[in-house]
Amino acid sequence: MSSRPSRSSTPPPAPAPASIALLTLFALLASIVGSVAVSSFPRAPAVSFRVLVYSGAAHGPGDTIRAGVDAVRELGARNGFGVEATDDPAVFEDARLARFHAIVFNNTAGAPESDDGLDEKGRAALQKYVRAGGGWVGLHDASDGAGDWDWYQGLVGATLDRSAPVQAGRVEVLDRAHPSTVALPDLWERTEDWHSWRTGPSTAVHTLARIRLRDGITGLDEGVDHPWSWCQDYDGGRSWSTAGGHAPSAFHEEDFLAHLLGGIEWAAGTKPGDCTATRAGSFQRTRLATGGPGDPVDVAVAPDRRVFVARRTGELEVVDQRTTKVSTALDLAYSPETAARSDGLTGLTLDPRFAENHWLYLLRSDASGERLFLSRFTAGPDTVDPASEKRLLTLPGRRSRDSPPPTGSLAFDREGSLYAATGDITLPLNAGGPHDLRGAILRITPQDDGTYTVPAGNLFGPGTPGTRPEIYATGMRNPFRFTVDPVSGVVLATDTRPDGTVGYFRITGAGQIGSPFCSGGLPRGAADCTPRAGGAPDASGPGGGITMSGPVYDYDAGSLHRTEFPEYFAGKWLAYDPAARRFTALSFMREDRRFTDPRFGPVSAGELHSVYGVFEHMVWNTPTAAVFGPDGALYVVDAGQDDGTGGDEEGSGVFRIDHVGLGGLPGAAVTADRDNGSAPLTVAFTGAGSGLPGDVPVTYAWDFDGDGGTDSTEANPSYTYRTEGRFTARLTVTGPEGTTAVAGQDITVGNNRPRITVRRPADGGLFRPGDTVGFTVDVSDEEDGRGTPVDCSRILVRAGTGRPGALSPLPRSRGCRGSIVTEAGDIPRSGRYRVTMRYTDEGGPDAPELTGSASLTLRTAFQEAEDFTSTGGAHGGAVAGNRTGASGGRALTEIEDGDWIAFDPLHLGGIRSVTVGATPCGLGGTVEFRAGSPDGPLLGSLRVPGARDGGGDVTPTAALRSPGRSDRLYVVFTDAAWNSEKPDLFAVDWLRFHGPGDGTGGS
């Protein structure tokens, strides 16, 4: 129950009849006295709310404390709220606190009674006050102290570690919508004693502003979270903090006073403001559809919230969010050979007037891969008419058979112009020139008749000799993923450079694009961008570690969708890294800015302001496309663990991310013990994983056959399908407030999924770049007949490490064999690569075709030590650290007795020995190779000497024996003489395995 006075809805009791005359007399006298008072004295203005300023046991100087009190009083006088100030902890009593809407801790903390702070009763009163909905404001040193009170530290959100000396620095204002930061400059120059936090607040609170570390503020901890102001809804109340206010002068700055005023008004509940936008758990991810035929590359959302998904293999799917039904609207029927070449369907966007004309645009290759088409199609509710195709542009083929799988990109601007890009990975030397549409961003204006015009302002004017007027911007290496800001019309693109560094481009007009905001680790503006390890691309992801340009959020204040992204994200650019499996948000300067400190040069509007991670609590596999829908939610396609190369890839799917703030939507999850088989087919379903946290009651409604009715309300029902065909079993979960979530599972009746078994190579097998790796697969399919030879042309092989050759049938076997020619020279020497084989059967008269898949990992025979799968040991394991001169720029350090690294999986078939590149910079020790566990069978060992004068790196070699199976290989570092008083053993740079391995190349 709230202790704050509230307006009662119950009228006061009526007076007794005998007292009516007396009350009338009193009322007459009161009116006379009141009229005299009004005419004689000015009436005090009514206050909208009341604030208590508490300065007891303050840490700051007296003049700072007095300035803080005076500032809040002045703000109250200007803005119509009452202020009372005290340093007496006795004020922390239930009845006295109930008079206030917010309490300001003025450079003081909830110190214990022994430090002239709050006694047990006072602490209980503050806790009760906040739990009843009260607001709390912390100024500067409010986070210093009360280390014995966990609840208070949670209220503040951070624990002060130490302060840097007073000096000039700048604050990056991240939230441009909250009342405490809405009026502040994007980069705010201040002179402060800057705080380093022992416990950073970012995971639990919403960061409003943070310290710009790149300004070189002396005394700050590098690499540590440095929020400067934040807010949170905490334990029933509201908490707002700022690290500003160290000196009296701060309370005379209009910007700081506006900052403080907004914080007080928000904490008091009189000004709205979202404080969940960057708090972990404020966003909820819902899977809309599971994996499919393979390789999802792009996504678009219609005004009616239908989700269109483009797959490189040629299928265009439609997901109905109301029913979870997934329909194949269009199938371009690419052959496995075409899809394996990394061509196929690569780009998708909807016409700005899609609700009226139902037009969508696809970027795709023809069957030969020699040409690219930019085509318009007309969509129905769940189909796309192939005959409606209008080809706007035809481009020459863009890449060789050996190229990695890039993608194309299409986007409209607010003027109705269509932008297109195809990337520039394996183009001939003359590509990307003024007469070549590849390797550039194009801009055209589609016309209703299926043609296009060229808008004014492109790079080359119509009729310019030797040029194509469709070219808008060129000069980047891989502009295959970009976005258009829906408000400003600015084109935003990411680009991976040949040295592996990532560039972020903001293109405001046609031209030859120059340097990005960051390149080679030398940033311009405020980009937090550095090159990948050793300046080399990350080989574990598709395309060598490519950062993708995601959407820019256009906030709709009039939206009725309760789960739309908050205004905090308005204008922010989302980017995502499929290899690192993460999302980041980028902001730009809104205005030019100059600074008084000579260290800080001027910045211009449009320069990159800040970069930081978002959705960090979500685990991704390979995010490949992201767009905002008309409901303000973010839609993401994840290609799954197989890098989008197989059928029914594990972890792949289409996801919707909703902003749920402090609440949550009920989760819906469907698991079935089988999803295919002959009729009659009995399927056991479970809704495990559905519901709300804390065992909040929910209801279940199952529709197994897709007729719209409810077939079961159990949590874990079963159902028997007696008719052949494909059905979508749908589960609707409803929470106590009527919020719902829907999940579905496709069930195929009348067909059994084919099974693929890879006989060779072994999972975790080793090869050298340039080797030819042979493979053999067996296919088992009940409907196609056990004695019928396999149609090897129906098997699609996708390999991130090279080009698969043609498959041939195995004699007297339902299997096929082929080979992969691995790339020589164009890939990093160290890496692991996924190889996937998928086979699609022929289906039946009433049952759709099904795809079976299998995958394995191949590794290069040369492995950087830091490419380990896991590390551990009695002392925490090895650390991969930057090291000048090391291969790849990194090496294993902090190696102590019993530490280990593991490579999983790894197969040593054909491997005879291993060489280790190490630096004898410590005590020295033994390197053991063991199978399955750190104390598993010993396969070989070698000795690394201790540190020696003038000694360089060493490369000892050990004979290896194979355990005869794919297993986890443990590399264990030992020296029984080591103890915590002695140096580390040594540093390890790389490992090289010798022998034929799984390739046919020489050793």
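Residues numbered from 1 in each chain as written. Predicted model: local features only at pLDDT ≥ 70, side-chain atom pairs only at ≥ 80, totals over all residues. Heavy atoms only, no water.

**Observations concerning the overall build of the chain**
Scanning the chain from N- to C-terminus turns up 8 helices and 63 strands. Taken across its 1003 residues, the chain has 55% of its residues classed as buried. Long-range pairs, those at least 24 residues apart, make up 67% of the contacts in the chain between residues at least 6 apart in sequence. Approximately 40,600 Å² of the chain is accessible, and the part contributed by carbon and sulfur atoms is 49%. (Helix = DSSP H or I, 4+ residues; strand = E, 2+ residues; numbered from the N terminus. Buried < 20%, exposed > 50% of the residue type's maximum accessible area, 1.4 Å probe, protein only. Contact = heavy atoms within 4.5 Å. Areas by Shrake-Rupley, 256 points an atom, 1.4 Å probe, with all protein chains shown as cover.)

**What about the side chain of R123?**
Note on placement: R123 falls in helix α4 (residues 120–131). Ignoring anything within four residues of it in the chain, the contact list for R123 reads G110, A111, P112, L118, D148 and W149.

**As for the sheet that holds strand β14 (residues 326–331)**
Strand order in the open sheet formed by 4 strands is β11-β12-β13-β14, and the pairing between neighbours is antiparallel. Two strands bound the open sheet, and with one partner strand each, they are β11 (296–301) and β14. Strand-to-strand, the axes of this sheet are offset by a mean angle of 25°, without reference to chain direction. As paired strands, strand β12 (residues 307–311) and strand β13 (residues 315–319) are joined by 4 bridges and run antiparallel to one another. The partner of A310 across the bridge, within β13, is L316. (Pairing = 2+ DSSP bridges. Axes fitted to C-alpha atoms, helices over the stretch in contact; angles between N-to-C directions.)

**What to know about the sheet that holds strand β39 (residues 681–686)**
If you walk across this open sheet you meet the 3 strands as β37-β39-β41, and the pairing is antiparallel. Each edge of the open sheet is held by one strand with a lone partner, namely β37 (671–672) and β41 (718–721). Note: β37 against β39, 2 bridges, orientation antiparallel. Among the inter-strand pairings, A672 is bridged to a residue of β39, identified as F685.

**What about helix α2 (residues 62–79)?**
Across its 18 residues, α2 extends 26 Å between first and last C-alpha, which sits within 8% of the 26 Å expected from 1.5 Å per residue. Looking only at α2, the buried set comprises T64, I65, A67, G68, V69, A71, V72, L75 and G76. Positive backbone phi, approximately 80°, marks G80, located one or two places after α2. (Expected span 1.5 Å × (residues − 1).)

**Here we look at the state of the cysteines**
In this structure the tally under the stated criterion is 2 disulfides. The disulfide partner of C231 is C275, and the S-S distance across this bridge is 1.9 Å. Residues C231 and C275 share a disulfide whose torsion about the S-S bond is about -100°; that sign makes it left-handed. Here the residue C231 occupies a position in strand β8 (residues 227–234), and C275 occupies one in the loop between α6 (254–268) and β10 (283–289), the gap between them amounting to 44 residues. Neither C231 nor C275 differs from the other in exposure class; each is buried. C792 shares a disulfide with C816; S-S distance 2.1 Å. Its torsion about the S-S bond being -95°, the disulfide of C792 and C816 is classed as left-handed. (Disulfide = S-S within 2.5 Å.)

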